[in-house]
Amino acid sequence: MEPFACSLLSLHGLFTVTVKIMSVYLVVFAVLSYLILIKCIYYWHRRVFMKSFKDVMNADTRTLIVTAHPDDECMFFAPTIIRLVELNADVHLLCLSEGNYYNQGALRKQELLNSCAVLGIPDSRVTIKDHKKLPDDPKAEWSVSLVSSLILDHIRDHSFNMVLTFDGRGVSGHANHIAIHKAVSHLASTGRIPDGCCLLSLQTVGLFRKYISFLELPVSWLLPSSLSCVIGSQGYRQAREAMFCHRSQLLWFRHLYVFFSRYMFINTFQMIPQGPKNLKIY
């Protein structure tokens with residue numbers, strides 16, 4: 001019986017080792033398959049991006065990106081700016097504050113101009129507002145009517161036909177981001193946006209999706225969106241370089257953000273519905 005028992009123990013040990021090896025192979029296979037899927041989606045997206053872009057726009061594109069603070073443009077909108085500039089779109093930026101929360105307004109203004117230059121937006125297409133009623137402050141309640149007026153005037157002055165900004169959760173939950181969305185939504189619902197101009201909001205995603213970097217791409221690909229912009233390794237290096245222009249803001253957690261955030265690789269937008277034109281509200 002003893003040799004038989006030893007034989008059984010040997011077979012059990014061999015089976016256990018085999019199962020462990022197969023488990024490792026399966027994990028490696030699953031990881032490689034997922035990475036290959038991401039690569040395929042990325043190249044597929046690059047081919048169809050122009051078509052999806054034309055579905056949104058029917059003419060030469062004059063795009064306005066509306067942000068609240070210096071560094072929003074690269075922290076949240078870098079993939080979009082980079083892709084639009086690659087397509088020779090006319091991209092402008094309207095930043096509604098100098099980011100003067102720590103009395104660094106002049107420095108942050110220059111950092112913003114440097115960042116935009118890296119992303120492909122020249123100084124002549126960057127407008128930075130410094131309004132006393134629009135402080136860089138997460139506790140400040142920005143006036144919807146004031147923000148609406150500033151944005152609408154800028155749209156009319158430059159004849160933009162696409163406006164991109166934050167959604168109702170502001171990506172990071174910042175009150176100033178949310179105020180911009182409220183202002184743009186107000187313009188849309190009251191029919192004050194010029195004809196031929198579409199409005200899109202950058203989708204806020206959950207915490208897990210937000211911080212799994214490019215690994216989030218298949219999820220964004222499966223979910224519906226009006227416009228999506230994805231960049232590869234070269235675009236990521238460009239976005240990272242733009243972020244590093246904001247040296248006054250490069251605290252330790254910003255370095256983690258640059259490495260882990262999906263917004264450094266992926267932007268997805270939803271159309272903001274517009275109401276009847278010239279609607280009067282009493």
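We now turn to the structure provided with this report.

Moving on, we get to the packing of aromatic side chains. Counting across every chain of the model gives 13 aromatic pairs. Taken together, the ring pairs in this structure connect Phe76, Phe77, Phe166, Tyr211, Tyr257, Tyr263 and Phe269 into an aromatic cluster.

A separate point is the side chain of histidine 177. Examined against the element boundaries, histidine 177 turns out to sit in helix H7 (residues 175-189). Setting aside anything within four residues of it in sequence, one finds histidine 177 in contact with Ala68, His69, Asp72, Phe76, Phe166, Gly170 and Ser172.

Across the nine residues of helix H3 (residues 78-86), seven count as buried, placing the element largely inside the fold. Listed in full, the buried residues belonging to H3 are Ala78, Pro79, Thr80, Ile81, Ile82, Arg83 and Leu84. Asparagine 88, located one to two residues past H3, shows a positive phi value of around 65 degrees.

On to the packing of helix H5 (residues 144-158) against H7, then. Where H5 contacts H7, the two axes come as close as 8 Å, and the packing angle between them is 70 degrees. Classified by the angle their axes make, H5 and H7 are roughly perpendicular. As H5 packs across H7, the resulting crossing turns out to be right-handed. Contact with H5, carried on its side by Val144, Val147, Ser148, Ile151 and Leu152, involves Ile180, Lys182, Ala183, Val184, His186 and Leu187 of H7 and no other residues of that element. Along the lines of polarity and charge, the residues of the contact of H5 with H7 split into eight nonpolar, two polar and one charged.

This paragraph deals with the sheet that holds strand S4 (residues 162-166). Strand order in the open sheet made by the seven strands is S3-S2-S1-S4-S5-S7-S6, with mixed pairing throughout. In this open sheet, the two strands that pair with only one neighbour each are strand S3 (126-128) and strand S6 (227-230). Strand-to-strand twist across the sheet, computed as the mean angle between neighbouring axes with direction ignored, equals 20 degrees. Summarising the sheet, S6 and strand S7 (residues 266-271) pair through four bridges and their orientation is antiparallel. What sits directly across from valine 230, in S7, is isoleucine 266. Against the sheet, H3 engages strand S1 (62-67), strand S2 (90-95), S4, S6 and S7, with an angle of about 85 degrees to S7. Lying over the sheet, H7 contacts S1, S4 and strand S5 (198-202), oriented at roughly 140 degrees with respect to S4.

Conventions we followed
Residues numbered from 1 in each chain as written. Predicted model: local features only at pLDDT ≥ 70, side-chain atom pairs only at ≥ 80, totals over all residues. Heavy atoms only, no water. Phe/Tyr/Trp six-rings, centres within 6.5 Å; stacked < 30°, edge-to-face > 60°. Helix = DSSP H or I, 4+ residues; strand = E, 2+ residues; numbered from the N terminus. Contact = heavy atoms within 4.5 Å. Buried < 20%, exposed > 50% of the residue type's maximum accessible area, 1.4 Å probe, protein only. Axes fitted to C-alpha atoms, helices over the stretch in contact; angles between N-to-C directions. Parallel < 35°, antiparallel > 145°, perpendicular 65-115°, else oblique. Left-handed = near helix turned anticlockwise from the far one by under 90°. Nonpolar A, V, L, I, M, F, W, Y, C, P; charged D, E, K, R; others polar. Pairing = 2+ DSSP bridges.

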